[in-house]
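# What the coordinates show
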Amino acid sequence: MLRRLLIPSLLDVFFAALLLSAFAQPRGLRSLLGDGDTGWHIRTGELVLATGRVPVVDPFSYSRPHGAWFAWEWLADVVFAATWRWRGLGGVAALGGVVLALGATALLARMLRRGSGLWIGLAATMAAVSASSVHYLARPHVFSILFFTVALWVLCEDRVRRRRLVWLVVPLTALWANLHAGFVAWLATLGLLVMLSVGQRDWSGVRRYGCLAGLCTLASLLNPYGWQLHLHIARYLNSSWILDNVQEFQSPHIRAEGMIVFALLLLSAVALSPQADRFEALLVVVWGFLALRSARHVPFFAIVAAPVVASAAAACWARVASGASGRAGWRIFWDLAQEFGRRPRASVWLPLSAALVVAAAPAVTFPDKVFPVQAVEGNVLRLAPSASMPRILTSDQWGDYLIYRLYPRQRVFFDGRSDFFGPVIGADYQKLLAGESPWRELLDRYQFELALLPHDWALSTALELVPGWRKVYEDGVAVLYARELPNPAQPEPNGNTTSQQRRGDAEISAECSATDEPVVEWDGKPESVILTRRRGDAEIG
């Protein structure tokens, strides 16, 4: 037994090869940081580590200060924050790569155990990886990709041979519910199996998997928000504003290489589903439909479709090989595939290589071609002065970056937490993004003092023509405008007071002190974390 643990296996080699080739280099790590949400996830984790409790009100915005907020991925945020303290942003990206590589390795192991053979198993796994790469980002959903792969593997093997191992998915669900909202995909999958068992009048299956579904549902209630989390997720997934405006909820665009692979996988799986087990065929149809409606479901579809395609291809190859002579190429490659893929296992080298990749992760930043890295570094004193908190208009993704880089010295108007801001503020944000009327009134209503804008925003050029605004910085990624405010002692033309008089950000920060929640000060270094009590903008600075 000890010898088997020490000798590297085929799965170890696949895991290490995928991890090193795709995620261990600076370019691969930066690709995992292509979404600004990673920034606020790290800061949320810092808050949890600093306060010892999960936030229930918003700490990051000035447009909805102290609004009720579900930090539903709090445990993943803590993991990211702890990794950030240890190895910085590169470590967070490397951790995301490790989890994704583990998910791909588990998918390959499942197909090898089904008898797909090495060559077909590798091809199907890499097809699933390519199709899913649209969501390969260092965000909490990577845990759902891994957990869904493992849970579905255990469930499908239990349907072939019932074992007590299947009950381990109950505590897995409890952990999952605190890492990412993708646990609802698992509960829905169990619900489909129960309904199928009823339709087939498999009463033994109804009892077994109905009990499993019930226990997993109860386990998912073990989160800081209880059943209210489930209600919030249901409202989120059924929000017409979210579905119509959040990009990852839109249908996939079949243009990139990964999406072309997804289309081929979809066509193959649907065509071969009549040959598959009824439950697996049902999953292909359901998740295929959901993936066509929303790109965020593509990874789940790839996980259910790859084994169906691999099993059908393996059955075809086996028929051809069985009729060939022992020296025929088809027969030799088939026998080799079965020999190499027999009894897949992992050794101690798999977790060791994972830990090594995270520990040795190079220092990286958010991609400076996507985020305003240079603009922020060159204008820190203007964006986050010590004695005030100017209101900044920027994109949701850049708002995420500002939270990462400037919180708590700065708060944002809008960021990637679309479920928190809702349709009212969201509609105002979209009008500002597109330069649609009444964008001038919105600039006054929200009392913006700075505008850090991408060049593809209409306001990036229109604002230069508006009296009272002047361009103070520009590079190839961003343009920064500053508002020339009236004398602080005089009221503004619209009747509002100036930024130093208004009941605004300074008062918001003072009110935060009433909650007695410590916040995290950061000077840009993972090892430098200072706790302070909010006492207004002067102390925050």
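Not measured: the values here are computed from a predicted model.

### Comments concerning the pattern of salt bridges
Under the definition given, this model contains 17 salt bridges. As a salt-bridge pair, R114 and E280 come within 2.6 Å of each other at their nearest N and O atoms. Of this pair, R114 sits in the loop between α5 (74–113) and α6 (118–132) while E280 sits in helix α14 (residues 278–293), and the two are 166 residues apart along the sequence. Residue classification places R114 among the partly exposed positions, given a relative accessible area of 32%. K471 is the partner of E464 in a salt bridge, and the nearest nitrogen-oxygen pair spans 3.6 Å.

### What about a nonpolar patch on the surface?
Together, L2, L5, L6, V348, W349 and L352 line one region of the surface with nonpolar side chains, adding up to about 560 Å² of accessible area. Counting residues per element, the ones that place at least two in the nonpolar patch are α1 (2–6) and α17 (349–359). You can see L2 is positioned in helix α1. Accessibility expressed as a relative area gives 60% for L2, which makes it exposed.

### Considerations on the confidence of the model for the protein
Close inspection of predicted coordinates is inappropriate for parts of the model with low pLDDT. Summing up the model confidence of the protein, the mean pLDDT is 86 and the portion of residues at 70 or higher is 89%. Of all the helices and strands in the protein, helix α25 (residues 537–540) carries the lowest mean pLDDT, 29, while helix α8 (residues 169–179) carries the highest, 97. With pLDDT under 50 throughout, residues 488–541 is counted as low confidence; its partners more than four residues away or in other chains account for 114 contacts.

### A short note on the packing of aromatic side chains
Per the stated rule, a full pass over the model turns up 28 aromatic pairs. With a centroid separation of 5.3 Å and an interplanar angle of 70°, the aromatic rings of F366 and Y404 are classed as edge-to-face. Residue F366 is found in the loop between α17 and α18 (373–378), and its partner Y404 is found in helix α20 (residues 396–406); the two are separated by 38 residues along the sequence. Ring-pair connections join several aromatic residues into one group, and the members of that group are Y62, F413, F414, F420, F421, Y429, Y446, F448 and W457.

### Structural notes on the packing of α6 against helix α13 (residues 257–272)
Describing two packed helices takes the angle between their axes plus the distance from one axis to the other. Running from amino to carboxyl end, α6 crosses α13 at an angle of 125°, the nearest separation of the two axes being 7 Å. Judged on the interaxial angle alone, α13 and α6 are oblique. Here α6 and α13 pass one another in a crossing that is left-handed. Here A127, S130 and A131 of α6 come into contact with α13, specifically with E257, G258, M259, V261 and F262.

### Description of the pairing of strand β4 (residues 478–483)
With five of six residues buried, β4 is to be regarded as a mostly interior element. Bridging between strand β2 (residues 450–454) and β4 involves five bridges; their strand directions are antiparallel. Considered in β4, the bridge of L452 is made with L480. Strand direction decides the pairing type here: strand β3 (residues 469–474) and β4, joined by five bridges, are antiparallel. Looking across to β4, one finds that E474 is bridged to V479. Linking two consecutive strands that pair antiparallel, namely β3 and β4, is a turn of three residues.

### Thoughts on the packing of helix α2 (residues 10–22) against α5
Their axes nearest at 9 Å, the elements α2 and α5 cross at an angle of 145°. The hand of the α2/α5 crossing is right-handed. Of α5, the residues touching α2 (which contributes L10, L11, F14, F15, L18 and L19) are G97, V98, A101, L102, A104, T105, L108, A109 and L112. Along the lines of polarity and charge, the residues of the contact of α2 with α5 split into 13 nonpolar, two polar and no charged.

### Quick notes on the environment of A185
By the secondary structure assignment, A185 is in helix α9 (residues 183–199). According to the relative accessible area criterion, A185 is buried, its value standing at 6%. Expressed as a C-alpha distance, the spacing of A185 and F300, which sit 115 residues apart in the sequence, is 8.4 Å. What A185 contacts, discounting residues up to four positions off in sequence, is F148, W287 and F300.

Conventions adopted
- Residues numbered from 1 in each chain as written.
- Predicted model: local features only at pLDDT ≥ 70, side-chain atom pairs only at ≥ 80, totals over all residues.
- Heavy atoms only, no water.
- Salt bridge = Lys/Arg side-chain N within 4 Å of Asp/Glu carboxyl O.
- Helix = DSSP H or I, 4+ residues; strand = E, 2+ residues; numbered from the N terminus.
- Buried < 20%, exposed > 50% of the residue type's maximum accessible area, 1.4 Å probe, protein only.
- Patch = residues over 30% accessible without salt bridge, like charges linked within 9 Å, V, L, I, M, F, W, Y side chains within 5 Å.
- Areas by Shrake-Rupley, 256 points an atom, 1.4 Å probe, with all protein chains shown as cover.
- pLDDT = per-residue confidence, 0-100.
- Contact = heavy atoms within 4.5 Å.
- Phe/Tyr/Trp six-rings, centres within 6.5 Å; stacked < 30°, edge-to-face > 60°.
- Axes fitted to C-alpha atoms, helices over the stretch in contact; angles between N-to-C directions.
- Parallel < 35°, antiparallel > 145°, perpendicular 65-115°, else oblique.
- Left-handed = near helix turned anticlockwise from the far one by under 90°.
- Pairing = 2+ DSSP bridges.
- Nonpolar A, V, L, I, M, F, W, Y, C, P; charged D, E, K, R; others polar.

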